[in-house]
Amino acid sequence: MPTDRPRVRVATSMSIVAILLSMLLGAARVAAEPLAADDALARQLIAHEQAAWDKYVRRDLEGSKPLLADDYADVQGDGSVLDRAGHLAFVPEANVEWHALDRFHVIRLAPDAALVTYRAQARDRGANDTYQADVTSGWSRRKGRWLNTFYRETPTAAETAPATAAP
C-alpha cells in the first residue's frame, strides 16, 4: 500500500516550483542584479537573516513569526518541505547554542524579490562538532515588508576553524 509521503513531497515540490516561478517571472522584467555589501537592500536582508538565526537560537517564537511569509517553504535535506507552521513548530525546540554567518551575497531578482546566499556555522548545545552549510534564502517584498519565502541549507564539510570564534 503506498504511503502518503510521496504525494506530500510532490505537492510540496510543486509549491516550491510555483514560488520559484513567480520569483523568476517577476525577474523577467528586470535582470538579476548582484548587490554590493553596502547596498541598503543587501544590508536589510542580511540583518533579517541574522535576526532570524538569533531568534531561532533564543527559541523566540513570537519574534520569528513576522519574518516569515504565509507561503514560506523550508526545504529539508531529505527533500521534504516544512511550511511556515512546520518551521515555527521547531523554534521552541531549537538546540543551537552558537552560530556564525558570513560570505553573504544578495541578488535582486526583481523589484520585489531577492535571494540571499551565505555560509552558516552552528553548534548544538552539548555538542563538540560544528555544523556548516551553504544557505540560499528567498525574500519577497509584500505590502512594503520583506518576508522570507524560501530557505534551503546544503551541508558542507566543516572548515578547520569557525568563521567567528565560539563564545
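What counts and how
- Residues numbered from 1 in each chain as written.
- Predicted model: local features only at pLDDT ≥ 70, side-chain atom pairs only at ≥ 80, totals over all residues.
- Heavy atoms only, no water.
- Pairing = 2+ DSSP bridges.
- Helix = DSSP H or I, 4+ residues; strand = E, 2+ residues; numbered from the N terminus.
- Axes fitted to C-alpha atoms, helices over the stretch in contact; angles between N-to-C directions.

A. Representation of the sheet that holds strand E1 (residues 33-35) in the model. Overall, mixed pairing links the seven strands, which are arranged E1-E4-E5-E6-E7-E2-E3 in an open sheet. Whereas interior strands pair on both sides, the edge strands pair on one side only; in this sheet they are E1 and strand E3 (81-83). Each adjacent strand pair in this sheet contributes to an overall mean axis angle of 20°, direction not counted. In this sheet, strand E4 (residues 96-110) lies alongside E1 in antiparallel orientation, the contact comprising three bridges. Counted as the bridge partner of Glu33 is Arg108 from E4.

B. Main features of the pairing of E4. As defined by bridge partners, E4 adjoins strand E5 (residues 113-124) across eleven bridges and the pair is classed as antiparallel. Looking at E5, one finds that His105 is bridged to Thr117. Adjacent in sequence and paired antiparallel, E4 and E5 are bridged by two residues.

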